[in-house]
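Structural description and commentary
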Amino acid sequence: MAIIEVRNLSINYLTDNGTALRAVEDVSLSLEQGHSLGLVGESGCGKTTAMLGLLRLLPAEGRIVSGEVWYGGVDLMRISEREMQKYRWSKMSIVFQGAMNALNPVRKVGDQIAEAILLHEDVDKATASRRVGGLLETVGIIPEMAGQYPHQYSGGMRQRAMTAMALACSPDILIADEPTTALDVMIQAQILNLLQRLQKELDLSIILVTHDLGVVAEICDDVLVMYGGKTAEYASVDVIYNDPLHPYTQRLMQAFPDIDNPTSTLASIPGFPPPLDALPPGCRFEPRCHLRSEICSAENPPLVEVKPDHYVACHQVKG
Amino acid sequence: MEQEVQREEIVLQINNLRTLFPVSRGIIDTLLSKPRRYVHAVDGVSFSVARGEILGLVGESGSGKTTTALNVLGLVEPTEGEVLFNGRSVLELMQSRARLELRRQMQIMFQDPYESLNPRQTVFATVAEPLEIHKLVKSRSEMVERVKAALDDAGLKPPETFFDRYPQELSGGQRQRVVIAAALVLNPEMLVADEPVSMLDVSIRAEILNLLRQLRDERGVTILYITHDLATAAFFTDRVAVMYLGRIVEIGPTKTVLSDPRHPYTQALLSVIPVPNPRRRRKRMILVGETPNPIDLPSGCRFHPRCPVASDQCSQTEPQLKRVDADHLVECLFIV
Amino acid sequence: MEQFKEIWGTFRRRPIGILGGLMLFSVVFIAIFAPWLAPYDPDEKIDVEPGDLLAPPDAEHLLGRDDAGKDVLSQLIYGARVSLTVGFVASFMAMFIGTTVGLVAGYYGGRIGNALMRLVDFLLVIPDLPLMLVFISMWGRGLWKIILVIGLLGWTYTARLVRSQVLSIKERQFVMRARALGASNFRIIMRHIFPQVLPIILAETVLSVSGAIIAESSLSFLGLGDPMLISWGMMLNFAFERAISRMAWWFLLPPGFAIVWVSLGLVLMGSTLEEIVNPRLKSHHLFDPRKMMALVTGMGSRTEVKG
């Protein structure tokens, strides 16, 4: 049962001189309840923008051009801002990039988490505080730490505290944007373990946004690979890793070091992603693609279900 | 320290290096004459690097890898022990007239491509600057030639098109290449690279690491590669040293350490590195808690509070590096 | 140079900065071309008859005449020269001293840094204007003396500002790289640190010119200006002494208005420059985790939430 369905989401950014950058174009996804989806891509591919668009948290220059986001029988793109606020945090929440630095240094961590609860639910302070204790425990922090200040927490602990804050109103969906960047490998493992546990114990649905293929392989059920603002490939994690069909996905796999098979040469993909203000008319990956042909530079490939539940946007890949 | 297996010419020798930083005391503690506390950033490290070798220093935060690098470069003074570069003490060299020559022979690369370059300097000026500092060229045309060659060797082709560009116009990978060019232009003997690719996209990391390896192959540059990412170290280094709380817990040829890790910390690290294949989800040894702070060190073996196989003895006795194989040393009471 | 393009770009987006620039430019223009613009020689007494003293504006004297029969408009135009000269020169002097002190104190730190900062604190504590009054009274009046007094006392704020900037810049990686390359301290300061501080200094200079002009006007108003030269402050001084009882607004208002005009122009320009220079003034929520938090959870102020 899909808990959230995104259809053809497109987001533009307006620049100072009026041109529109097509940051996200025609992205669709479907997240099953209790499942986790990995949104994979490199910097500038639009994955963070897409998630901010989902929550309608784009900056002033961002415009949702088209698309539907179906949750609980409602298209979130059509409701008013006031209505949307009821969904944010209580139904869908986000632990965004750099969240560990988002805590107010002069307030106790417990108070900040409590405030998130008080703002969205009609409970008294005592109840909120109790829930804070429970939340901290859920994320692996001893409840007594609620009375401490952010600087007394380590980096990993702050990340957990932010996760606790995101869970404060028991949302159905958690979006985690690069939750493990800038953390030590062992702490990364702890955080990923935590997310897995939450998924199982709370039946939480997770969208994990990252550039790290290893992380996605560890804990995600499905993977959506983005390139240049569009979906390149979308399939289950097993299929993506063992039968990648899009040339970008294939090359990305080869560029990622595999500690079990340390080869002496890692592949890299020459060139760089297209600048958003100078998008090529055809496939956005074509300039760097090893499989390209004439049609690729002329036409943008549509996303096609080439095998059951395996979507690829590439002219060279047939169903 | 047991004698290491003889390798070819040793470029860098570190002997019992300790670098402690005093923790600033509040006024009350000073008045009460409480004993000074120290951050044990590097606490007894010994290793050597042969010419043309790529040695990886792998560790998490608090392991002391960056401080070790700063000691090697002579930018930080050791509290105890010595750093020998080509047989001569780096400390002495830094205080003598040979200081500038040392700075020419040892170069550094940092992690953040967005911060490594002066945003108000063109690419040309950045790469030419080392030549100016060391007065290595006599004419403008010679300078242009050398800058061109350096940019070309760093993979920025055609080099002239990059002369007047500013860092903001370049991508992360290109900026790191400019940093490499600026290091190359001096023909250094050694390059200390502190997390050179961690802030780059995955698809570009290989390029930069391949470039560095090419430099070693073609010019015999010795490389000290500092990282927290064991996966890239696996692919890039000849030998690797795993550090924890200021000490080396395991050191040896990369292939050996990765296929036959003997220290529980190395084993744990290897087990938690995410593997890009869902069918190989391995059993992860996730350690509890975080690396303790380097000020109040655990007694005995400093890893014992988190060690999955620790015994009573581990909290009382400090282990020393022991040889388990030809070139493979481990610091653990129970070599498993 | 691409910095100027950056600056110009910001100005285009902030018309109020351009307005300030125009205001300033108009005065500079007037000051430079004073001999051609002023209808009369300001010192010249033209056919003075008793009725001409403090005569109100008419066709020949657009701003009337002062109590000695001289044309007010011409005085105003020539007065611009003195005010601007003192403003710019004194301010540049203060900037130069302040920047040097800030760079040295920030980069070297230690005992030198502390000593310099104690000096700065000491000077900051003493109120400017009274100190200037004391100096001028002791030293005597004269254009250069005024410039020196304003310049030598006005550098402290800049020194503090520059020093705090230097403290953070010197920790940046490209500075560490330069040190690792073996660059001398001088090179690091001039090539790597100073260029990063320059934009802030420029913005600060513009603002400080306005302060210097007001300082000069104040000193002249209090009767301590150069007696040989007309400045707006002097005009105000005479106007207050001699014209106020006769309600000769044409003599009283113009110099005050001119001072305000120039200062306002400078301040508008200066704040626009500051905005370029201090990007934190308008940081984007995508890069500022705290702003993000406020937005997302609904805590704090709700700013740019777009649907």
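Residues numbered from 1 in each chain as written. Chains lettered and ligands numbered in written order. Predicted model: local features only at pLDDT ≥ 70, side-chain atom pairs only at ≥ 80, totals over all residues.

Details of the overall build of chain B
Within chain B one finds 11 helices and 12 strands. At 21 Å, chain B has a C-alpha radius of gyration in line with the 20 Å of a compact globule built from 336 residues. Seen through its principal axes, chain B has C-alpha atoms that stretch 70 × 60 × 45 Å. Taken over 336 residues, chain B has a buried fraction of 48%. (Helix = DSSP H or I, 4+ residues; strand = E, 2+ residues; numbered from the N terminus. Rg over C-alpha atoms; globule rule 2.2 N^0.38 Å. Buried ≥ 20, exposed ≤ 12 C-beta atoms within 10 Å, placed from the backbone.)

Thoughts on unusual backbone geometry
Residue Pro158(B) is reached from Lys157(B) by a cis peptide bond, and omega for that bond is -10°. In this fold, Pro158(B) is placed in the loop between helix H6 (140-153) and helix H7 (172-184). The backbone of Arg56(A) shows a phi angle near 55°, a positive value even though the residue is not glycine. Within the fold, Arg56(A) resides in the loop between helix H1 (47-54) and strand S4 (62-71). The backbone phi angle of Asp309(A) is positive, close to 60°, even though this residue is not glycine. Summarising the element assignment, Asp309(A) is placed in the loop between strand S11 (304-307) and strand S12 (310-312). A count of 10 C-beta atoms within 10 Å places Asp309(A) in the exposed class.

Examining helix H9 (residues 247-255) of chain A
Of all the residues in H9(A), the buried ones are Pro247(A), Tyr248(A), Thr249(A), Arg251(A), Leu252(A) and Ala255(A). Looking at the packing, one finds that the buried side of H9(A) touches helix H7 (213-219), strand S9 (222-227), strand S10 (230-236) and helix H8 (237-242) of chain A together with helix H8 (202-219) of chain B. (Contact = placed C-beta atoms within 7 Å.)

Focus: the domain arrangement of chain A
Residue and element names in this part refer to chain A. Taken domain by domain, chain A comprises domain 1 (2-91 + 171-312) and domain 2 (100-170). Here the C-alpha centre of domain 2 lies 29 Å away from the C-alpha centre of domain 1. At the junction of the two partners, domain 1 supplies 10 residues and domain 2 supplies 13 residues. By residue class, the composition of the side of domain 1 that touches domain 2 is eight nonpolar, two polar and no charged. (Domains from an automatic or database assignment. Nonpolar A, V, L, I, M, F, W, Y, C, P; charged D, E, K, R; others polar.)

Observations regarding the sheet that holds strand S1 (residues 2-14) of chain A
Residues and elements named next belong to chain A. As summarised here, the arrangement of the four strands in space is S2-S1-S4-S5, forming an open sheet in which the pairing is antiparallel. Looking at strand neighbours, the two that pair on one side only are strand S2 (20-32) and strand S5 (74-75), the edges of this open sheet. Inspection of the sheet shows S1 paired to S4 by eight bridges, in the antiparallel sense. Residue pairing in the sheet places Glu5 in a bridge with Trp70 of S4. Across the sheet, H1 lies against S1, S2 and S4, angled at about 115° from S1, the strand it touches most. (Pairing = 2+ DSSP bridges. Axes fitted to C-alpha atoms, helices over the stretch in contact; angles between N-to-C directions.)

Re the nonpolar core
Most often, soluble globular proteins have nonpolar side chains that are buried together. Within the largest apolar cluster, 267 residues are counted, with the highest numbers of intra-cluster contacts made by Ile207(A), Val127(B), Ala181(B), Val192(B), Leu224(B) and Ala241(B). At 16 residues, helix H4 (residues 72-108) of chain C tops the list of elements feeding residues into this core. A domain-level breakdown of this core finds at least three residues from each of domain 1 (2-91 + 171-312) and domain 2 (100-170) of chain A. In this view, Ile207(A) contacts Leu31(A), Leu37(A), Leu39(A), Met51(A), Ile173(A) and Ile175(A); residues no more than four positions away in its chain are not counted. (Core = buried A, V, L, I, M, F, W, Y, C linked by C-beta atoms within 7 Å.)

Describing the interface of chain B and chain A
Across the boundary between the two partners, chain B contributes 34 residues, which contact 38 residues of chain A. At the level of secondary structure, the elements contributing two or more residues to the side of chain B that touches chain A comprise H8, helix H9 (230-236) and helix H11 (264-272) of chain B. In terms of residues, the side of chain B that touches chain A owes the most to one element, H8(B), which gives seven residues. Split into classes, the residues belonging to the side of chain B that touches chain A amount to 19 nonpolar, seven polar and eight charged.

A word on the packing of H4(C) against helix H8 (residues 156-169) of chain C
All names here are of chain C. At their nearest, the axes of H4 and H8 sit 7 Å apart, and the two run at 35° to each other. Crossing of H4 against H8: the hand is right-handed. Mapping the contact onto sequence places Ala94, Met95, Gly98, Thr99, Val101, Gly102, Leu103, Ala105, Gly106 and Tyr107 in H4 and Thr156, Thr158, Ala159, Leu161, Val162, Arg163, Val166 and Leu167 in H8. Classifying every residue of the contact of H4 with H8 gives 11 nonpolar, six polar and one charged. (Left-handed = near helix turned anticlockwise from the far one by under 90°.)

Notes on the sheet that holds strand S1 (residues 10-22) of chain B
Residues and elements named next belong to chain B. Read from one edge of the open sheet, four strands run S2-S1-S4-S5, paired in antiparallel fashion. Each edge of the sheet is formed by a strand with only one pairing partner; in this case those strands are strand S2 (38-50) and strand S5 (88-89). Where strand S4 (residues 80-85) meets S5, two bridges bridge the pair, whose relative direction is antiparallel. Each bridged residue has a counterpart across the sheet, and for Leu84 the counterpart in S5 is Ser89.

What about the environment of Arg179(C)?
By secondary structure assignment, the location of Arg179(C) is in helix H9 (residues 173-181). Setting aside residues no more than four positions away along its own chain, Arg179(C) makes contact with Leu75(B) and Ile188(C).

With respect to the pairing of S10(A)
Residues and elements named next belong to chain A. With respect to burial, S10 is a largely interior element, six of its seven residues being buried. With six bridges connecting them, S9 and S10 associate as antiparallel partners. By the bridge assignment for S10, Asp222 is matched with Ser236. Taking the residues between adjacent antiparallel strands as the criterion, S9 and S10 are bridged by two residues, where Gly228 takes a positive phi near 55°. Across two bridges, the pairing between S10 and S12 is antiparallel. Its bridge partner lying in S12, Tyr234 is registered against Tyr311.

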